[in-house]
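Next come the chains, spelled out residue by residue.
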Amino acid sequence: MSTSDDARFETLAIHAGQEPDPVTGAVMTPVYMTSTYAQRAPAQPVGDYEYSRSGNPTRTALEVNLAALEQGSRGLAFASGLAACNALLDRLEPGDHVVTGNDLYGGTWRLFSRVFERYGIRFSFVDTTDLAQVQAALTEHTRYVYLETPSNPLLRLADIGAAAELAHGAGALCVVDNTFATPYLQQPLALGADIVLHSLTKYLGGHSDVVGGALVARDPAIGEELAFYQNAVGGTPGPMDCFLVLRGIKTLAVRMDRHCANAAAVAAHLEASPQVERVHYPGLPSHAQHELCARQMRAPGGMVSFELAGGVAAGEAFAMGTKVFTLAESLGGVESLVETPPSMTHASIPAETRRAAGLQDGLVRLSVGIEHEADLLADLDRALAAAR
Ligand SMILES: *Cc1c(COP(=O)(O)O)cnc(C)c1O
């Protein structure tokens with residue numbers, strides 16, 4: 001790494017893991033499009049690499065960069081966020097138990113309940129904003145307390161430091177899906193968590209042009225175990241994908257500043273509308289964990305969700321009435337997106353389960369991009385009129 005150890009976030013984002021290429025001086029990390037590497041003699045590779053599932057220099061640059069940004073000892077990159085989550089769960093044995101949230105990313109919920117439950121892993125889905133519920137769910141078999149904070153799509157916050165203490169008291173690890181916050185806004189390992197998970201597809205990639213995932217471990221031994229499953233199961237990303245994420249990360253800090261500023265304006269604008277029953281944004285004083293947000297996060301992030309009177313029909317009319325906000329799943333890119341969780345991202349969760357978790361039928365989720373604020377607010381007014 002070409003930066004000093006005490007370099008600040010913005011500097012690490014651009015330089016950590018990325019020396020100018022020793023052969024040509026290229027400032028950007030080369031994309032090593034190779035599956036294998038020449039050996040001098042049997043089992044004596046020329047450099048550090050033998051086969052690209054096990055390691056590739058472009059991927060190494062990304063993994064070193066991610067470890068630096070999250071203040072971990074080991075970063076591991078995956079083909080998707082769910083591939084990262086899969087590797088995390090591969091460490092567990094039948095009979096092991098995980099305490100997690102009840103408004104998780106839909107794909108994470110599906111991986112837990114439809115795949116790993118079949119292998120004998122047990123999950124308790126609780127309201128992780130309530131530490132008493134986390135504590136009550138812990139058993140002697142609990143291996144992970146798995147938090148999503150801010151959560152998706154209701155932007156609820158869990159107290160990472162307090163949850164990590166509860167987890168450690170029960171002999172479990174605390175895992176945080178830091179996708180919504182990014183390491184620029186929230187540093188789970190510094191707050192006491194053990195492993196951070198990312199969908200790199202979102203803010204870290206930042207331009208809606210690549211799918212990827214990551215794990216970052218604080219403890220080197222746990223990092224080594226996760227690296228075993230990364231290679232043994234093989235959900236690794238290609239070098240071009242790693243390059244795109246590395247390029248995205250270079251502008252993460254400036255993008256997040258604008259995402260946050262625009263999202264705060266959007267949230268305030270929606271809260272002032274009589275058609276909107278409730279706005280979920282941790283930066284609003286009306287948010288239940290507003291104070292925790294100020295303590296735990298640098299800023300409240302770029303995601304906003306809100307409930308329209310009129311249920312699914314109103315939500316869908318709104319989502320079809322925007323021109324600047326594109327109707328699409330996913331989030332975290334420079335462009336603004338709108339979606340209706342009950343019929344899109346969270347449709348795989350049964351309606352009863354969804355409502356029980358507080359996810360109302362008229363819910364709309366916005367990924368607020370970095371366009372001009374005035375254009376975004378005008379677009380919201382247009383869509384509110386369409387949903388009237
Ligand atoms: C998108 C997302 C995931 C899954 O990541 P993929 O890259 O789509 O596999 C996990 N957690 C959160 C919070 C996400 O937004």
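Structure: above.
Residues numbered from 1 in each chain as written. Predicted model: local features only at pLDDT ≥ 70, side-chain atom pairs only at ≥ 80, totals over all residues. Heavy atoms only, no water.

Asks: Describe the nonpolar core, with residues and values.
Replies: Core analysis: the largest hydrophobic core is formed by 56 residues, its most contacted members being Leu62, Leu66, Leu147, Leu185 and Ile249. For this core, the element with the highest residue contribution is helix α10 (residues 239-250), accounting for six residues. Two domains share this core, each providing at least three of its residues, namely domain 1 (9-249) and domain 2 (253-387). Sequence-distant contacts of leucine 147, that is, excluding residues within four places in its chain, are made with Thr128, Ala158, Ile160, Ala163, Cys174, Val175, Val176 and Asp177. Membership of the second largest hydrophobic core comes to 29 residues, among which are Leu76, Leu88, Leu89 and Tyr146. (Core = buried A, V, L, I, M, F, W, Y, C linked by side-chain atoms within 4.5 Å. Buried < 20%, exposed > 50% of the residue type's maximum accessible area, 1.4 Å probe, protein only. Helix = DSSP H or I, 4+ residues; strand = E, 2+ residues; numbered from the N terminus. Domains from an automatic or database assignment. Contact = heavy atoms within 4.5 Å.)

Asks: Describe the site of the ligand, with residues and values.
Replies: Taken together, 13 residues lie near the ligand, and Gly81, Asp177, Ser199, Thr201 and Lys202 sit nearest. In the model, an oxygen atom of the ligand is placed 2.9 Å from a nitrogen or oxygen of the leucine 82 main chain. Contact between the ligand and serine 199: an oxygen atom at 2.8 Å from a side-chain N or O atom of the residue. Each residue belonging to the shell around the ligand can be placed in one class, and the counts come to four nonpolar, seven polar and two charged. (Near = heavy atom within 4 Å. Polar contact = N/O pair within 3.5 Å; in protein donor to acceptor, adjacent residues only side chain to side chain. Nonpolar A, V, L, I, M, F, W, Y, C, P; charged D, E, K, R; others polar.)

Asks: Give me the lowdown on the sheet that holds strand β12 (residues 326-327), citing residues and values where you can.
Replies: Across the sheet, which stays open at both edges, the five strands sit in the order β10-β11-β14-β13-β12 with mixed pairing between neighbours. With one partner strand each, in any of the chains shown, β10 (276-280) and β12 form the two edges of the open sheet. Of the strands in this sheet, β11 (303-308), β12, β13 (337-339) and β14 (363-367) touch helix α13 (residues 311-320), which is tilted by about 130° from β11. (Pairing = 2+ DSSP bridges. Axes fitted to C-alpha atoms, helices over the stretch in contact; angles between N-to-C directions.)

Asks: Describe helix α2 (residues 57-69), naming the residues involved and giving the relevant values.
Replies: When the terminal C-alpha atoms of α2 are compared, their 18 Å separation across 13 residues agrees well with the 18 Å that a helix rising 1.5 Å per residue should span. Counting buried positions over the 13 residues of α2 gives 10, a clear majority of the element. Of the residues making up α2, those classed as buried are Pro57, Thr58, Arg59, Ala61, Leu62, Glu63, Asn65, Leu66, Ala67 and Leu69. The distance from a side-chain oxygen at the start of α2 to the backbone nitrogen of threonine 58 is 2.9 Å, and the residue carrying that oxygen is asparagine 56. Glutamine 71 occupies a position one or two residues after α2 and carries a positive phi of about 60°. (Expected span 1.5 Å × (residues − 1).)

Asks: For the environment of proline 274, give the residues involved together with the corresponding values.
Replies: Among the secondary structure elements, proline 274 is positioned in the loop between α11 (252-271) and β10. For proline 274 and glutamate 316, which are 42 residues apart along the polypeptide, the C-alpha to C-alpha distance reads 18 Å.

Asks: Summarise unusual backbone geometry; cite the residues concerned and give the values.
Replies: In this model, threonine 149 is joined to proline 150 through a cis peptide bond whose omega is 0°. Counting through the fold element by element, proline 150 comes out in the loop between β6 (142-148) and α6 (160-169). Along the chain, asparagine 152 connects to proline 153 via a cis peptide bond; the corresponding omega equals 10°. Inspection of the secondary structure puts proline 153 in the loop between β6 and α6. In the Ramachandran plot, glutamine 71 falls in the positive-phi region, its phi being about 60° despite a non-glycine side chain. Its place among the elements puts glutamine 71 in the loop between α2 and β3 (74-78). In the Ramachandran plot, leucine 155 falls in the positive-phi region, its phi being about 55° despite a non-glycine side chain. Topologically, leucine 155 is positioned in the loop between β6 and α6.

Remember, this is a structural readout, not a statement about activity or role.
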